[in-house]
Amino acid sequence: MKVVILNDAAAVAAYGADIFSKQLKQKPNSVLGLATGSTPIALYQELIARNKSNKLSFAQARSFNLDEYWGLAEDHPQSYRHFMNINLFDHIDIDKTNTQVPPGNAKDPRAACEQYERDIINAGGIDVQLLGIGRNGHIGFNEPSSSLASRTRIKTLTKETTDDNSRFFAAGEFQPQLSVTTGIGTILESKKIVLLATGASKAEAIKACVEGPITASCPASALQMHQDAVIIIDEAAATQLSDIDFYKHIEAENQKLEKMLEALE
Ligand code: GLP
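Now for a look at the structure at hand. Remember, it's a predicted structure, so these values are computed and weren't measured experimentally.

**Comments concerning the site of the ligand**
Around the ligand there are 14 residues in total, and Ser-38, Thr-39, Asp-67, His-138 and Lys-202 lie nearest to it. Between the ligand and the protein, one listed contact pairs an oxygen atom with a side-chain N or O atom of Thr-39 at 2.4 Å. Contact distances for the ligand include 3.1 Å between an oxygen atom and a side-chain N or O atom of Arg-167. In the complex, 92% of the free accessible area of the ligand, which totals 390 Å², lies under the protein chains. A per-class count over the shell around the ligand returns 3 nonpolar, 8 polar and 3 charged.

Written out as structure tokens, the structure reads:
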């Protein structure tokens, strides 16, 4: 697990965008795993800017989103499909028919979840998966106690998560208690994983993710088992880590190595 600690949220977004840019340049028909939440918005804005200035194309890319609310229509303003359209897809050259979000209102949820897993496999698997993290350590909507081997399924949200996300819903508006999310097992099959976290409210979850034991109590801790996971955080989200200096030292050495390898290309 690589831990990258940067000054602020803007630097986190730029670092994450560089990973996606590099991936798409190396493999224009990459399969991208995408996430919602406030954290990735700055990264999406960076990708949009690079697309608009013709530095980056999504024309051949495919995407699969991590999760969706269960019970909201696709065009509902709080649906994650709508979020992705307005925050990314509407502004880049991706073919929207190549973008998938888990089915939030399928007639047969179990069959639809199985189909989503098959669709990912048929697309060749996810090349790079973007993740945020909940304050309780959730990834996607895999709440604490989710099986570390879980697959796409319906998942009940914790009170903490519905409280955190209530800011997006008007008073009295229906807010789903259920979600459909790819599983931790699904996420771990991605070839590369990029988790972003910014702000002091994520410091405890990042501590548990990076330095805690691997446990279903902190779903993000499962990333410790992945061979290519990078945790990109700002100083505020890093405050509870014990080995900050060591992570910074590793990153400085990695940067030197990267430059050396780039010179060989
Ligand atoms: C939601 C999403 C997660 C996201 C989390 C954190 O619950 N399902 O994928 O990581 O929110 O969101 P934020 O970035 O807004 O803190």
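The discussion continues.
**Let's talk about empty space enclosed by the protein**
Taken as a whole and assessed by the stated rule, the structure comprises 1 cavity of 30 Å³ or more. Within this model, the largest cavity holds a volume of roughly 50 Å³. The wall of the largest cavity is formed by Phe-64, Asn-65, Leu-66, Ile-120, Ile-126, Gln-129, Thr-182, Thr-186, Ile-187 and Ser-190. Taken together, the elements giving at least two residues each to the lining of the largest cavity come down to strand 3 (62–65) and helix 6 (184–188). Grouping the constituent residues of the lining of the largest cavity by class yields 5 nonpolar, 5 polar and no charged.

**Some details on the pattern of salt bridges**
Applying the stated criterion across every chain, the model contains 15 salt bridges. In this structure, Lys-22 engages Glu-258 in a salt bridge whose closest nitrogen and oxygen atoms are separated by 3.3 Å. Of the two residues, Lys-22 sits in helix 1 (residues 9–26) while Glu-258 sits in helix 9 (residues 244–264), which places them 236 residues apart along the sequence. Judged by its relative accessible area of 39%, Lys-22 is partly exposed.

**A word on helix 7 (residues 203–211)**
Looking at helix 7, one finds that the buried residues are Ala-203, Ala-205, Ile-206, Cys-209 and Val-210. Along helix 7, the residues classed as buried sweep out an arc of 155 degrees about the axis, all on the same side.

**Notes on the sheet that holds strand 4 (residues 67–69)**
Read from one edge of the open sheet, 3 strands run 4-8-7, paired in antiparallel fashion. In this open sheet, the two strands that pair with only one neighbour each are strand 4 and strand 7 (153–156). The average angle at which neighbouring strand axes cross in this sheet is 30 degrees, direction not considered. Strand direction decides the pairing type here: strand 7 and strand 8 (residues 178–181), joined by 4 bridges, are antiparallel. Opposite Lys-155, over in strand 8, you have Ser-179 as the bridge partner.

**Quick look at the sheet that holds strand 10 (residues 229–234)**
Strand pairing in a sheet takes place through backbone hydrogen bonds and is either antiparallel or parallel in direction. Across the sheet, 7 strands lie side by side as 1-10-9-6-2-3-5; this open sheet has parallel pairing. Only two strands of the sheet have a single neighbouring strand rather than two, namely strand 1 (2–6) and strand 5 (99–100). Relative to strand 10, strand 9 (residues 192–197) is paired through 5 bridges, and the arrangement is parallel. Within strand 10, the residue paired with Ile-193 across the bridge is Ala-229.

**Points about the packing of helix 2 (residues 41–52) against helix 3 (residues 80–87)**
Relative orientation of the contacting elements helix 2 and helix 3 amounts to 40 degrees, with a least axis distance of 10 Å. It follows from the interaxial angle that helix 2 and helix 3 lie oblique. Across the interface between the two elements, Ile-41, Tyr-44 and Ile-48 from helix 2 touch Phe-83, Met-84 and Asn-87 from helix 3. Among the residues forming the contact of helix 2 with helix 3, the class breakdown is 5 nonpolar, 1 polar and no charged.

**A look at the environment of Leu-34**
Position of Leu-34 relative to the elements: it lies in strand 2 (residues 31–34). Overall, the relative accessible area of 3% leaves Leu-34 in the buried class. Taking the C-alpha atoms as reference points, Leu-34 and Gln-78, 44 residues apart in sequence, are found 17 Å from one another. Not counting residues up to four positions away in its chain, the partners in contact with Leu-34 are Phe-20, Tyr-44, Ser-63, Phe-64, Asn-65, Leu-66, Met-84, Leu-88, Phe-89, Gln-129 and Leu-130.

About the criteria used
Residues numbered from 1 in each chain as written. Predicted model: local features only at pLDDT ≥ 70, side-chain atom pairs only at ≥ 80, totals over all residues. Heavy atoms only, no water. Near = heavy atom within 4 Å. Polar contact = N/O pair within 3.5 Å; in protein donor to acceptor, adjacent residues only side chain to side chain. Areas by Shrake-Rupley, 256 points an atom, 1.4 Å probe, with all protein chains shown as cover. Nonpolar A, V, L, I, M, F, W, Y, C, P; charged D, E, K, R; others polar. 1 Å grid on protein atoms, 1.4 Å probe; cavity = no way out; pocket = protein on both sides within 12 Å on 5 of 7 lines; lining within 4 Å. Points joined across faces, edges and corners; volume = space filled by probe spheres on them. Helix = DSSP H or I, 4+ residues; strand = E, 2+ residues; numbered from the N terminus. Salt bridge = Lys/Arg side-chain N within 4 Å of Asp/Glu carboxyl O. Buried < 20%, exposed > 50% of the residue type's maximum accessible area, 1.4 Å probe, protein only. Arc of directions from axis to C-beta. Pairing = 2+ DSSP bridges. Axes fitted to C-alpha atoms, helices over the stretch in contact; angles between N-to-C directions. Parallel < 35°, antiparallel > 145°, perpendicular 65-115°, else oblique. Contact = heavy atoms within 4.5 Å.

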